[in-house]
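# Structure at a glance
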Amino acid sequence: VQLQASGGGLVQAGGSLRLSCAASGTIFSINRITWYRQAPGKQRELVALITSSSSINYADSVKGRFTISRDNAKNTVYLQMNSLKPEDTAVYYCNALLWVATGTRDYWGQGTLVTVSS
């Protein structure tokens, strides 16, 4: 089982990016996927999460600008980021709680860098 994060890049302030977090392998269900980010010199912080029942939570700093969604058929969760600000610059990580053959396990993607220029 692997978790692959992608979609980062360089964008100007006010622009948009869509991050993807794809789970591959033998997966029975995705219980929860959480996006975190870590800016240089700062602690990792929760950005958004979505559960198997589609319950969603956002950090206050991204509410109204970011949207998390899931495609169950593709075992993929997306983070649509609009109206990006320089303070959104960070490495974004996805974390997934997956039901796999050996039980419920926690996985991390490798991180994808988002840079927002002013």
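Preceding block: the structure.
Predicted, not measured: the structure shown is a model, and the values here were computed from it.

Procedures and definitions
- Residues numbered from 1 in each chain as written.
- Predicted model: local features only at pLDDT ≥ 70, side-chain atom pairs only at ≥ 80, totals over all residues.
- Heavy atoms only, no water.
- Helix = DSSP H or I, 4+ residues; strand = E, 2+ residues; numbered from the N terminus.
- Buried < 20%, exposed > 50% of the residue type's maximum accessible area, 1.4 Å probe, protein only.
- Pairing = 2+ DSSP bridges.
- Axes fitted to C-alpha atoms, helices over the stretch in contact; angles between N-to-C directions.

### Digging into the environment of Trp99
Locating Trp99 in the fold gives a position in strand β9 (residues 90-100). On the accessibility criterion, Trp99 (43% relative accessible area) is partly exposed. Sequence spacing of Trp99 and Gly8 is 91 residues, and the spatial spacing of their C-alpha atoms is 27 Å.

### Let's talk about the sheet that holds strand β3 (residues 17-24)
Here 4 strands make up an open sheet; going across it, the order is β1-β3-β8-β7 and the pairing antiparallel. Of all strands in the sheet, those with a lone pairing partner are β1 (2-6) and β7 (66-71), marking the two edges. Averaged over neighbouring strand pairs, the angle between their axes works out to 15° when direction is ignored. The sheet contact formed by β3 and strand β8 (residues 76-81) spans 6 bridges and is antiparallel. When the sheet's bridge partners are listed, Leu17 is paired in β8 with Met81.

Honestly, it's all geometry; don't read function into it.
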